[in-house]
Amino acid sequence: MNNPLVLSVLILISVSLNSLGQSLLKLGAGQNPLNLYLFGGITAYAVSTVFYVLVLGKLNLSLVYPLVIGLTITATTLSGAILLKEHVPYTHWVGIGLILSGICAIAFGRIS
């Protein structure tokens, strides 16, 4: 299970489920506390955590945490803009670019 492709897929699954969880929690916020959006969001978070722990068992925390958090911020911002039709200011997109630059620096630093 130390295959980089498998670990990358696990990271992407964790990030996707985390972002989905955020979006579902947003949709369920302000409604009846027992709604399907909240249940789905909590479930997506739980499953995301399982994948995150699997990756943590194989890679350093100092690599995985910034990678997962940065990608989750990026995916959640995209989800908010595309699916939830939220306005995302230009400065936020600049921040997303900086986050992605940081992720690349961390990832390339591990290779060299």
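Residues numbered from 1 in each chain as written. Predicted model: local features only at pLDDT ≥ 70, side-chain atom pairs only at ≥ 80, totals over all residues. Heavy atoms only, no water.

A. Spatial organisation of the overall build of the protein. Summing up its helical and strand segments, the protein has four helices and zero strands in all. On the principal axes, the C-alpha backbone points of the protein span a range of 50 × 35 × 20 Å. For the protein, with 112 residues in total, the buried portion stands at 29%. Taking contacts inside the protein between residues at least 6 apart in sequence as the whole, the part at least 24 apart equals 60%. (Helix = DSSP H or I, 4+ residues; strand = E, 2+ residues; numbered from the N terminus. Buried < 20%, exposed > 50% of the residue type's maximum accessible area, 1.4 Å probe, protein only. Contact = heavy atoms within 4.5 Å.)

B. Spatial organisation of the confidence of the model for the protein. A residue-level look at the protein finds 96% of positions with pLDDT of 70 or above and a mean pLDDT of 93. Within the protein, helix H2 (residues 36-56) carries the highest mean pLDDT (96), whereas helix H4 (residues 90-111) carries the lowest (90). (pLDDT = per-residue confidence, 0-100.)

C. Fine view of helix H3 (residues 61-82). Counted at 1.5 Å a residue, the expected span for H3 with its 22 residues is 32 Å, and the 31 Å between its end C-alpha atoms agrees. When we look at burial in H3, the residues that qualify are Leu63, Val64, Leu67, Val68, Gly70, Thr72, Thr74, Thr77, Ser79 and Gly80. (Expected span 1.5 Å × (residues − 1).)

D. How the structure looks around the environment of asparagine 32. Checked against the element boundaries, asparagine 32 lands in the loop between helix H1 (4-28) and H2. For the pair formed by asparagine 32 and isoleucine 73, sequence separation is 41 residues and the distance between their alpha carbons is 27 Å.

E. Geometry of unusual backbone geometry. One non-glycine residue with positive phi stands out, namely lysine 85, at about 60°. Looking at the element boundaries, lysine 85 is found in the loop between H3 and H4.

F. Up close: the nonpolar core. If you look at the biggest cluster of nonpolar residues, it comprises 12 residues: Leu7, Leu10, Ile11, Val15, Tyr52, Val55, Leu59, Leu63, Val64, Leu67, Val68 and Ile103. If you list the elements that add at least two residues to this core, you get H1, H2 and H3. (Core = buried A, V, L, I, M, F, W, Y, C linked by side-chain atoms within 4.5 Å.)

G. Fine view of the packing of H1 against H3. At their nearest, the axes of H1 and H3 sit 9 Å apart, and the two run at 45° to each other. Considering their axes alone, H1 and H3 lie oblique with respect to each other. Between H1 and H3 lies a crossing of right-handed hand. The segment H1 lies against H3, with Ile11, Ser14, Val15, Asn18, Ser19, Gln22 and Ser23 engaging Leu67, Val68, Leu71, Thr72, Ala75, Thr76 and Ser79. (Axes fitted to C-alpha atoms, helices over the stretch in contact; angles between N-to-C directions. Parallel < 35°, antiparallel > 145°, perpendicular 65-115°, else oblique. Left-handed = near helix turned anticlockwise from the far one by under 90°.)

H. View of the environment of lysine 26. Here lysine 26 lies in helix H1. Considering only alpha carbons, one finds lysine 26 and asparagine 60, 34 residues apart in sequence, at a separation of 31 Å. With residues up to four places along the chain from it excluded, the contact list for lysine 26 reads Leu84 and Glu86.

I. Looking closely at the side chain of asparagine 18. Mapped onto the fold, asparagine 18 is located in helix H1. The contacts of asparagine 18, once residues within four sequence positions are left out, are Tyr45, Ser48 and Thr72.

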